[in-house]
Amino acid sequence: MTESWVGLWNKGRHEDAFEFFFETIYPLIEKKFVQETSERMKGGEFPKYDLLILPVGIHAHYPLLILSALKPKRVCFIASPKNKLDFIIKKSGLKPSDYDVEVIRGSELGEVY
């Protein structure tokens, strides 16, 4: 499975690799991550989040994993100009009333936060 994904990427078929990852590999990662996070939340290691502030850039897997595991009631995305926000929102099933977006134009750490 991983060889297919890497093979697509190495052949320059980046969109195909992205699609393959999210259709084939990501569900396995998500299932394990959500299960482990849920167990840690039940054990009191993590609190339940009503609001989550989440940075978003060119990678979609991290924000999706966090959203799937923590299931916040509301999300504030801090997004770079180039981002996968549309994909994240679609894949996570968030409704417009569930989130706010702030696009940050700067690249210096102080400008972003």
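Here, the structure is the one placed above.
If you're wondering where the values come from, they're calculated on a predicted model, not measured in any experiment. (Residues numbered from 1 in each chain as written. Predicted model: local features only at pLDDT ≥ 70, side-chain atom pairs only at ≥ 80, totals over all residues. Heavy atoms only, no water.)

Visitor: Explain the side chain of D98 here, please?
Guide: Topologically, D98 is positioned in the loop between α4 (85–92) and β3 (99–103). A relative accessible area of 15% means that D98 is categorised as buried. When near neighbours in sequence (up to four residues on either side) are disregarded, D98 contacts K73, R74 and V75. (Helix = DSSP H or I, 4+ residues; strand = E, 2+ residues; numbered from the N terminus. Buried < 20%, exposed > 50% of the residue type's maximum accessible area, 1.4 Å probe, protein only. Contact = heavy atoms within 4.5 Å.)

Visitor: Quick question: what am I supposed to make of the packing of helix α2 (residues 14–42) against helix α3 (residues 61–70) here?
Guide: Two numbers describe a pair of packed helices, the interaxial angle and the distance between the axes. Look at α2 against α3: their axes get within 9 Å of each other, and the N-to-C directions meet at 40°. The angle between α2 and α3 falls in the class oblique. Two packed elements cross with a definite hand, and for α2 against α3 that hand is right-handed. Where α2 approaches α3, its residues F21, F22, Y26, I29, E30, F33, V34, T37 and M41 are matched on the opposing element by H61, L64, L65, I66, S68, A69 and L70. Across the contact of α2 with α3, the residue classes break down as 12 nonpolar, three polar and one charged. (Axes fitted to C-alpha atoms, helices over the stretch in contact; angles between N-to-C directions. Parallel < 35°, antiparallel > 145°, perpendicular 65-115°, else oblique. Left-handed = near helix turned anticlockwise from the far one by under 90°. Nonpolar A, V, L, I, M, F, W, Y, C, P; charged D, E, K, R; others polar.)

Visitor: What is the right way to read α2 from this model?
Guide: An α-helical turn contains 3.6 residues, so any two residues separated by three or four positions project in the same direction. At Y26, α2 is deflected by roughly 50°, the largest bend along its length, and proline P27 occurs up to four residues later in sequence. If you check which residues of α2 are buried, you get A17, F21, F22, I25, Y26, T37 and M41. With its phi angle positive at about 85°, G44 sits one or two positions after the end of α2. (Bend = angle between axes of the 7 residues up to and from the residue.)

Visitor: Just to check I follow, could you spell out the nonpolar core for this structure?
Guide: One broad trend across soluble globular proteins is that nonpolar side chains are buried collectively. Counting 22 residues, the largest nonpolar core has L54, L67, V75, F77, I88 and L94 as its most contacted members. Only α2, β1 (51–56), α3, β2 (74–79) and α4 provide two or more residues apiece to this core. The residues touching F77, leaving out its near neighbours within four places in the chain, are L54, V56, L67, L85, I88, I89, L94, Y99, D100, V101 and E102. (Core = buried A, V, L, I, M, F, W, Y, C linked by side-chain atoms within 4.5 Å.)

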